[in-house]
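Per-entry structural report
Here is what each chain is made of, one letter per residue.
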Amino acid sequence: MNNIDMHRLFFETLNRVETIDNLTDEDLKLYIEFNIIDIAGNILIEKPPPKYYNEVVKNAIDKHRDRNRDAYNERARNYYKTRRKDEKWRLAHNKRCRAYNKTYREKQKLKIHDEDL
């Protein structure tokens, strides 16, 4: 496995487990060996820039969703049903949702306050 594949695997794994503390000992040894993280757990590489979709791809995805709405929604429901069984994922998901909802409520309050002025 080359370094680019290892970097991609590292970030995919990190997204799945949320923090470096949750990595298995086997994963830690592997990533230390490839100089991706150091012994202290510091990340030594930069996250690659995100890939953005162009308008053609966005339109194709939207068409696919519109044509297969039931299958698309069923797939999403099954994904969250299986992920909710994982206690760590569920707690992290709830924490992210609470933070997002809090910022959304604050924005709405500011929006209402600005309209009143």
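All of these numbers come straight from a predicted model, not from anything done at the bench. (Residues numbered from 1 in each chain as written. Predicted model: local features only at pLDDT ≥ 70, side-chain atom pairs only at ≥ 80, totals over all residues. Heavy atoms only, no water.)

Considerations on the packing of aromatic side chains
Here the structure, examined in full by the defined rule, presents 3 aromatic pairs. Ring geometry for Tyr80 versus Trp89: centroids 5.9 Å apart, planes at 45 degrees, classification tilted. Accessibility expressed as a relative area gives 38% for Tyr80, which makes it partly exposed. Aromatic side chains Tyr100 and Tyr104 sit 6.4 Å apart centroid to centroid with 20 degrees between the ring planes, which places their arrangement in the stacked category. Of the two residues, Tyr100 and Tyr104 both sit in helix H5 (residues 87-116), 4 residues apart, roughly one turn of that helix. Members of the aromatic cluster, each reached through a chain of ring pairs, are Tyr79, Tyr80 and Trp89. (Phe/Tyr/Trp six-rings, centres within 6.5 Å; stacked < 30°, edge-to-face > 60°. Buried < 20%, exposed > 50% of the residue type's maximum accessible area, 1.4 Å probe, protein only. Helix = DSSP H or I, 4+ residues; strand = E, 2+ residues; numbered from the N terminus.)

Here's the deal with the environment of Arg96
With respect to the helices and strands, the residue Arg96 is situated in helix H5. When the C-alpha atoms of Arg96 and Val57 are compared, they prove to be 28 Å apart, with 39 residues separating the residues in sequence.

Observations regarding unusual backbone geometry
Positive phi outside glycine occurs at Asn35, with the angle close to 55 degrees. Inspection of the secondary structure puts Asn35 in the loop between helix H2 (25-33) and helix H3 (55-67). According to the relative accessible area criterion, Asn35 is exposed, its value standing at 55%.

Section: the confidence of the model for the chain
A low pLDDT means the predicted coordinates there should not be read in detail. For the chain, the mean per-residue pLDDT works out to 85, and 96% of the residues sit at or above 70. Looking across the chain, the model is least confident in helix H1 (residues 3-17), with a mean pLDDT of 77, and most confident in helix H4 (residues 69-84), with 93. (pLDDT = per-residue confidence, 0-100.)

Digging into the pattern of salt bridges
Applying the stated rule across the entire model yields 5 salt bridges. A salt bridge links Arg65 to Asp62; its shortest N-O distance comes to 3.9 Å. Separated by 3 residues within a single helix, Arg65 and Asp62 lie in helix H3, roughly one turn from each other. Of the residues examined, Asp62 reaches a relative accessible area of 37% and is grouped as partly exposed. (Salt bridge = Lys/Arg side-chain N within 4 Å of Asp/Glu carboxyl O.)

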